[in-house]
Amino acid sequence: MEKEELKRLEQKINFLEKELYLVKRQLIQAKSENGSPVIQKAEVYPEPEKSIPAESAQPIIEKEPFDFSVERWLPKVFLFVLLIGSIWGFMAASQNGWVSPGLRVLTGGVISVVMYALGERFSRDQRKLSITLLSGSIVLAIITLFSANILYGYIGGLITNLLLILIISVGLWASHKHSSQLILCLIGAGAYLFPFIFAGDERNEWLFYGYELVLFFVLMTFSTLKRYRIAWNIHYYLLYFSLFFFAAFGVGEITLTVLIPFAIQHAYILLLIVLNRDGRVSAEMIPALVTGSFILLGLLNDIYAQIPLFYYVAFAAVYIGVSFIEPKEKKRTKDVLLVLGFLHVLLFLFEWFEYDWRFVLVAIEANALLWLAGRRESYVSLTGSFLLMMFSFLGMMTSASEDFFSVELPIFIFAFTYVYLFSRFNKEDSSFLNVSPTTMKVFLTGLVMFFILRLTEFIVIGWDYTPRTTAFTVAIAALSIGYLIYGESRKDMFYRWVGIIFLALALLKFFLADLVFLDFTIRAMILIPIGIIGLVLSRILYKKE
């Protein structure tokens, strides 16, 4: 309480200082306009008193921080103790023959109803105790129903379904009436994991999938409308657990039948993304969307020896299409969907083509994604395009050297195009990149050097070992001369130093690695032209005016 009072006093003091400053400015302006020494009005001073009542400062700190108070947690602790004690008591009574199974089920139902009634009664003056009792009554009702159906067989599948629907409906109503996310979470935890369909006599997997999906639609829609983020995640990922548990330990198997409910769940999330314009809920949907995408890919890979191409085409079309449908305000969602779509395009290319030049198509895809990243100012798409470009280079490194013109040269062309697009977006006034020109020059220099080395490797692939190593030295020296000419013509100090460094590297390699393997004739043929070219360049580029 003392801290809150101090904060309120500080806010009032700050407000009075601002008002006093405004009053002084008004007085100075009035004096300068009329030239009168007294221009003060009676309304000037009462304004701060009207603007700073206690009610105006209260709403700023009215929101209560989450506290671990006794009032919040003590009812939950004792309710948990009561439930555990009751379970143990019934187990002891069952072992001693004191309580019949029918009486146990009846007692559980009665206690559940009593707890719900007490929760409604205490809802006005003791909200936290009321929510605890209501939540416990829903959980106890589901446990009692489970016992009546599976453990003792008192009721059949149809009656059990109807009673379960009634319990879930009551829980949804209680959650809506009391604005309680806790009740909604417990409904999902109890209803999703209710195992009567696959543990009882009627082992029908279509009935199980239908039940789980209907429950998913109801709980997810309710959580989305109520903006319950914790409940939203619980209901989403509990369906994963239930389906996988059923496939692993129930009567289901990892077949196309399992893929259908997962695909329906994924499509429903996409529908929520399209229909919902609330950024808070979309923030929860993005990780769920990515998780679902990779789970579907894993299931497809497990079901099929080779995934049909139309799956990749369908996923890519849906993701990219929804990405363009989404409004500009939902930037994160648009970016993630776009990258997921291009990922499926990549998988489609690798399934369709079996040759090394498919990496050329990956390089084209990287440029397309970079262009969209620049238009949308998206770091996610930029990262995806960079990874695609690196993946294309990795494929080029593993390809045969004889495929230089059909594979490597096109990839290098698209790599230079990639750098050009990046530089173009980086130079714009409203650019989101803000990469220094020096960094761009370093990256471009490394790309040029890599291209020269790969070209040299293609030229000398059939030569003997010693001339091959020397050829790389000559290539670096030629590159250094080119950079010296370019740097001097553009008056660019960076490229001048690059040329000098490359020249030093070429000479160092020549004297330390190549010299001992060459006879005097080849040494002269290499050094004399380099010396002559160097003197001519020095004369032309560095002559005194």
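Preceding this paragraph is the structure being described.
Residues numbered from 1 in each chain as written. Predicted model: local features only at pLDDT ≥ 70, side-chain atom pairs only at ≥ 80, totals over all residues. Heavy atoms only, no water.

*Asks:* I'd like a description of the overall build of the protein chain, backed by residues and values.
*Replies:* Scanning the protein chain for helices and strands turns up 22 helices and 0 strands. Scored against the burial criterion, the 545 residues of the protein chain give a buried share of 40%. At a minimum sequence separation of 6, the contacts of the protein chain that also span at least 24 residues come to 67%. A total accessible area of about 31,500 Å² is found for the protein chain, and carbon and sulfur atoms account for 68% of it. (Helix = DSSP H or I, 4+ residues; strand = E, 2+ residues; numbered from the N terminus. Buried < 20%, exposed > 50% of the residue type's maximum accessible area, 1.4 Å probe, protein only. Contact = heavy atoms within 4.5 Å. Areas by Shrake-Rupley, 256 points an atom, 1.4 Å probe, with all protein chains shown as cover.)

*Asks:* With reference to specific residues and values, describe the packing of aromatic side chains.
*Replies:* Scanning the model with the defined rule gives 32 aromatic pairs in all. When the centroid spacing of 5.8 Å and the interplanar angle of 70° are considered together, the rings of F216 and Y268 count as edge-to-face. With F216 in helix α10 (residues 205-226) and Y268 in helix α12 (residues 256-275), the pair connects residues that are 52 residues apart, well separated along the chain. On the basis of an interplanar angle of 80° and a centroid distance of 6.3 Å, the ring pair of F416 and F451 is categorised as edge-to-face. Taken together, the positions of F416 in helix α18 (residues 404-427) and F451 in helix α19 (residues 437-459) put the pair 35 residues apart, joining distant regions of the chain. A relative accessible area of 28% means that F416 is categorised as partly exposed. Residue classification places F451 among the buried residues on the basis of a relative accessible area of 18%. Taken together through their ring pairs, the aromatic side chains of F393, F404, F405, F412, F416, F450, F451 and F458 make up a single cluster. In this structure, R376 is placed above the aromatic ring of F324, and the distance from its NZ or CZ to the ring centre is 4.7 Å. (Phe/Tyr/Trp six-rings, centres within 6.5 Å; stacked < 30°, edge-to-face > 60°. Lys NZ or Arg CZ within 6 Å of the ring centre and 35° of its normal.)

*Asks:* An account of unusual backbone geometry is requested, with residue identities and associated values reported.
*Replies:* Despite not being glycine, R227 shows a phi value in the positive range, around 60°. With a relative accessible area of 33%, R227 lands in the partly exposed category. Despite not being glycine, N434 shows a phi value in the positive range, around 55°. The topology assignment puts N434 in the loop between α18 and α19.

*Asks:* So, the side chain of S381: which residues are in play, and what are the values?
*Replies:* Looking at the secondary structure, you find S381 in helix α17 (residues 379-398). Here S381 falls in the buried class, since its relative accessible area comes to 0%. For S381, the residues in contact, after removing those within four places along its chain, are D335, L338, V339, L369 and A373.

*Asks:* Run through the environment of L182, naming residues and quoting values.
*Replies:* Of note, L182 is situated in helix α8 (residues 181-192). What makes L182 partly exposed here is its relative accessible area of 35%. Along the primary structure L182 and L134 are separated by 48 residues, whereas in three dimensions their C-alpha atoms are 9.6 Å apart.

In short, the description is geometric, and any link to function would need to be established separately.
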